[in-house]
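# Summary of structural features
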Amino acid sequence: MTDINAPMRYAEPVADQTERDGSISLVVLLAVALAVAAVGLAMVSREMAEPFVLAILAGLAVVGVFCLFAGAVGILYFGQRHARNDLTKAFVDNLPQGALIADATGRVLYANRAYRDLLGLDGEASVLAPDRAFGGNPHLAEPIFRLARAAQQGRRLKEEFRLPPPGEVQDEGGITPRWFRISVQPMPPDPKAGRKGALVVWQVDEITQDRAREETSFAKVQAAIDYLDNAPAGFFIADADGHIDYLNATLSQWLGLDLSEVSNRQIKLTQIMSEDSAALIAGASRGDTQGGTRHFDIDLLKANGTSLPVRLLLRLPRGSELAHVLILNRGPGEVEEAGAGELRFARLFHSSPIAIATVDTTGTVSATNAAFVRMFGAETGDGETSLESFLDPSNHADLRKALESAIAGQVLTEPMDVTLAGPGERSGQLFLSPIEHAEGESDAAIAYVIDATEQRALEMQIAQSQKMQAVGQLAGGIAHDFNNMLTAIIGFSDFLLLNHRPTDPAFQDIMNIKQNANRAAGLVRQLLAFSRQQTLRPQVLQLGDTIPDLSILLGRLLGENIKLTLDQASDLWPVKVDVHQFEQVIINLAVNARDAMPDGGKLSIRTANVSEPQSRELSLSHMPPGEYVMIEVRDTGTGMSEEVKQKIFEPFFSTKEIGRGTGLGLSTVYGIIKQTGGYIFADSEEGDGTAMRVYLPRHVKGAAEIDQEPAKLDHKPEPEKPKDLTGRGTVLLVEDEDAVRSFAARALGTRGYRVLEASTGAEALEVFEEHHGEVDLVVSDVVMPEMDGPTLMKELREQNRDLKIIFISGYAEDAFRRNLDEKEDFMFLQKPFDLKELAATVKAALQD
């Protein structure tokens, strides 16, 4: 019977059925015996020999059948004899760990002496595999089951378990629990060695003493941690990236942190101190301070938002990348080793948001505060780093002059605009102040550095925005004046066409004048789009449906040598845009991309949702964080230089040959996107293609409308234009442009209307009073001297509330509609217009 808890002792013999020595002498002896029997039986009569022959045959048959059954169950083995490896066998026999080899059925083929000793087997006891030897203990059911399952599946597995004493009783005279480590691994077949089936190798090792040593060591470590947690000083361990790996209970209590929460999540230095102080500690951790100790007087941040003045003693053990920081409380009522003045100065020095450093007469930095370390990425007060190394070489000469003035005692009142060294384009302002130093002291000046990178970028953005706004206002003014002139040109061309038949020689010339005037009107509309003064009809769209519909048209525009691909997100958010203007945006961007690929290439249009965190990471100028839908149009063309990229949205700027473009394509795109409340950015490098990215705000149903979005217009459906353009009634025509007023008055007069003319709003009021009750309709310009059209409408409506009014303007309707009362009813006719459009609008207004 197997007794796991029996005392260990050596037992013999060792179980080994892996090799059995055969003997040829037994076979020879059996053959000789059979031959002698055959000779003897041949010398007697048949009657006498027959019983003996039958007996011999019966005996041989019985032996043969027994051998077959013995071979089947594994008692006997048939095969060639293999040479023994006595060295390997001796090595395994003397292993301190127990080793056992079994076949796939669990029959034990070999077990070394250590295995029998670990299990406490005597010489008569049968050897069982570990899964059977330990299987009867209910405490070990799970690990033994896993090991047995692994042995059946041919997998490696290792388990450690505790074998409790009987009844779990342990006292000074009791039995100590034992720990075992058992592993199982397969041994594949080896036909060359005559082993066709797979075997299982078990290893058993008692690790009770190892466990006892581990528990003792753990208890000592726990005692040390308990001591460190309750020490009268704070302590934490941090890496060079600012992650705190350990923080003791004392520091946690000082900061008002829950130690259980701190233990379950990783915290950063910036959560317990300012970013400048964190940069100071991280910089010291990266510096050449291994084995040395440094101290810093800073303020820690408590959970309630208050500060805690402390002194940090930082040490970076040799060979370690983790900084060990001891913290001494310098709060009220605590013992202060340093003087109050020194402590207060150190705290102010490191808590200053301005980078400060002291420099000697050679310009070498001797001491830095936390903000300086944060600005330049590492601690620099090593007495070997020059202040020039932190500035661009173009600023070195000015720095030397300023340093010479400071050494001479002159105060540098004006800051130096400098470019900071390092990755990226950073700019700053440098101040130098002289300091008095006693004999033997090398410090000559104090340098103050302010990072002005964001300020400079903002100034450039504001300047660019103001420039674009000014150009937009100019473009809008030009568009208004051009519309007036084009109205007159188109109108008088219509009069000329009425007096000429198509067969007249001058008819075609007049048509050319009108057609080119209409082309000029198209350019004016693009100017209005850039200046964001066109009328939009926004509606909620799913761009995933709109863009594929454009692909057929884009394919024809791009040609056969440019491949168009669409990559659309499946769950795009809705946006609110004017569908026709949005299509114009995509077409303009695609045409620009086509022109940048004269030899062919690839144009891809990609859409994606941009969440608020993603928009923050983009850090795009002027675009506030939020949820957007991004449309990217990317080509593989020639790309753009930085200089060209700064001007691409300006009207009439073009890199194309003369006659191939107006320079208004991207200006129109810019105006439409801005008027919709979106943003557009260009990403391009020469020779590496261009990517134009449009960001449109996500439309949320029921949410407040976007500030930049034009006011929603309650437009009535346009009435059907009448075929008969003649009519009757009195029309008051108010227009400050003589040519436009002359054309409009003549056009309406020829259609049967009585026309009263006025060149200003004030004159119109006088005419209206003179013909009180006679005026049926007022046709008025919007922008006029003295009194504009909307003001005139208010004055006239006070006298006649039901008076019908048509506004005509070179600006868009939205430009003045949002400033009027929503209940005001009027019609609008966009300049330039022709004779038929004017007559149709007037008749529709009078019939309404």
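Everything here concerns the structure above.
Here goes a summary of the coordinates provided. (Residues numbered from 1 in each chain as written. Predicted model: local features only at pLDDT ≥ 70, side-chain atom pairs only at ≥ 80, totals over all residues. Heavy atoms only, no water.)

## With respect to the overall build of the protein
Scanning the protein for helices and strands turns up 25 helices and 28 strands. Within the protein, the fraction of its 848 residues that count as buried is 41%. Across the protein, contacts joining residues at least 24 apart in sequence account for 61% of those joining residues at least 6 apart. Carbon together with sulfur atoms contributes 53% to the accessible area of the protein, which is approximately 47,300 Å² in total. (Helix = DSSP H or I, 4+ residues; strand = E, 2+ residues; numbered from the N terminus. Buried < 20%, exposed > 50% of the residue type's maximum accessible area, 1.4 Å probe, protein only. Contact = heavy atoms within 4.5 Å. Areas by Shrake-Rupley, 256 points an atom, 1.4 Å probe, with all protein chains shown as cover.)

## Side note on the packing of aromatic side chains
For any two aromatic rings, the description comes down to two numbers: the centre-to-centre distance and the angle of the planes. Tallying each qualifying case throughout the model produces 13 aromatic pairs. Judged by centre distance (5.4 Å) and plane angle (65 degrees), the ring pair of Phe134 and Phe180 falls under edge-to-face. Taken together, the residues span a long stretch of sequence, with Phe134 in the loop between helix 5 (130-133) and helix 6 (141-153) and Phe180 in strand 4 (residues 178-187) at a distance of 46 residues. The residues Phe134 and Phe180 share a single accessibility class, namely buried. Positioned above the aromatic ring of Trp179 is the side chain of Arg211, whose terminal nitrogen or guanidinium carbon lies 4.1 Å from the ring centre. (Phe/Tyr/Trp six-rings, centres within 6.5 Å; stacked < 30°, edge-to-face > 60°. Lys NZ or Arg CZ within 6 Å of the ring centre and 35° of its normal.)

## What about the pattern of salt bridges?
This structure, assessed with the given rule, holds 21 salt bridges. Residues Glu612 and Arg616 are paired through a salt bridge, measuring 3.0 Å at the closest nitrogen-oxygen approach. Placement of both Glu612 and Arg616 in helix 18 (residues 612-618) is noted, with a separation of four residues, approximately one turn of the helix. The exposure class assigned to Glu612 is partly exposed, which follows from its relative accessible area of 34%. Here the salt bridges share partners, and the residues they tie into one network are Arg606, Glu632, Arg634, Asp683 and Arg693. (Salt bridge = Lys/Arg side-chain N within 4 Å of Asp/Glu carboxyl O.)

## So, the nonpolar core
Membership of the largest hydrophobic core comes to 37 residues, with the highest contact counts inside it found for Leu543, Phe582, Leu589, Leu603, Ile631, Ile680 and Leu696. It is helix 17 (residues 579-595) that provides the largest number of residues to this core, a total of eight residues. Ignoring anything within four residues of it in the chain, the contact list for Leu543 reads Pro548, Gln568, Leu572, Val575, Phe582, Val629, Ile631 and Leu696. Residues Leu269, Ile281, Phe296 and Val310 belong to the second largest nonpolar core, which totals 28 residues. (Core = buried A, V, L, I, M, F, W, Y, C linked by side-chain atoms within 4.5 Å.)

## Describing the sheet that holds strand 20 (residues 601-610)
Taken in spatial order, the five strands make up an open sheet running 18-20-21-23-22, and their pairing is mixed. Both outer strands of the open sheet, strand 18 (562-567) and strand 22 (679-684), are each paired with one neighbouring strand and no more. Neighbour-to-neighbour, the strand axes of this sheet turn through a mean angle of 15 degrees, independent of strand direction. Both strand 18 and strand 20 contribute to a ladder of six bridges, which runs parallel. Directly across from Lys563, in strand 20, lies its bridge partner Lys602. Contacts from helix 17 reach strand 18, strand 20, strand 21 (628-635), strand 22 and strand 23 (690-697), with the element oriented near 25 degrees to strand 21. (Pairing = 2+ DSSP bridges. Axes fitted to C-alpha atoms, helices over the stretch in contact; angles between N-to-C directions.)

## Regarding the packing of helix 16 (residues 543-558) against helix 17
Look at helix 16 against helix 17: their axes get within 10 Å of each other, and the N-to-C directions meet at 40 degrees. Accordingly, the angle class assigned to the pair helix 16 and helix 17 is oblique. Classified by chirality, the crossing of helix 17 by helix 16 is right-handed. Residues Leu543, Thr546, Ile547, Leu550, Leu553, Leu554, Leu557 and Leu558 of helix 16 lie in contact with helix 17, whose contacting residues are Val579, Phe582, Glu583, Ile586, Ile587, Ala590, Val591 and Arg594. Residues of the contact of helix 16 with helix 17, tallied by class, amount to 13 nonpolar, one polar and two charged. (Parallel < 35°, antiparallel > 145°, perpendicular 65-115°, else oblique. Left-handed = near helix turned anticlockwise from the far one by under 90°. Nonpolar A, V, L, I, M, F, W, Y, C, P; charged D, E, K, R; others polar.)

Don't take any of this as a statement about function, it's just geometry.
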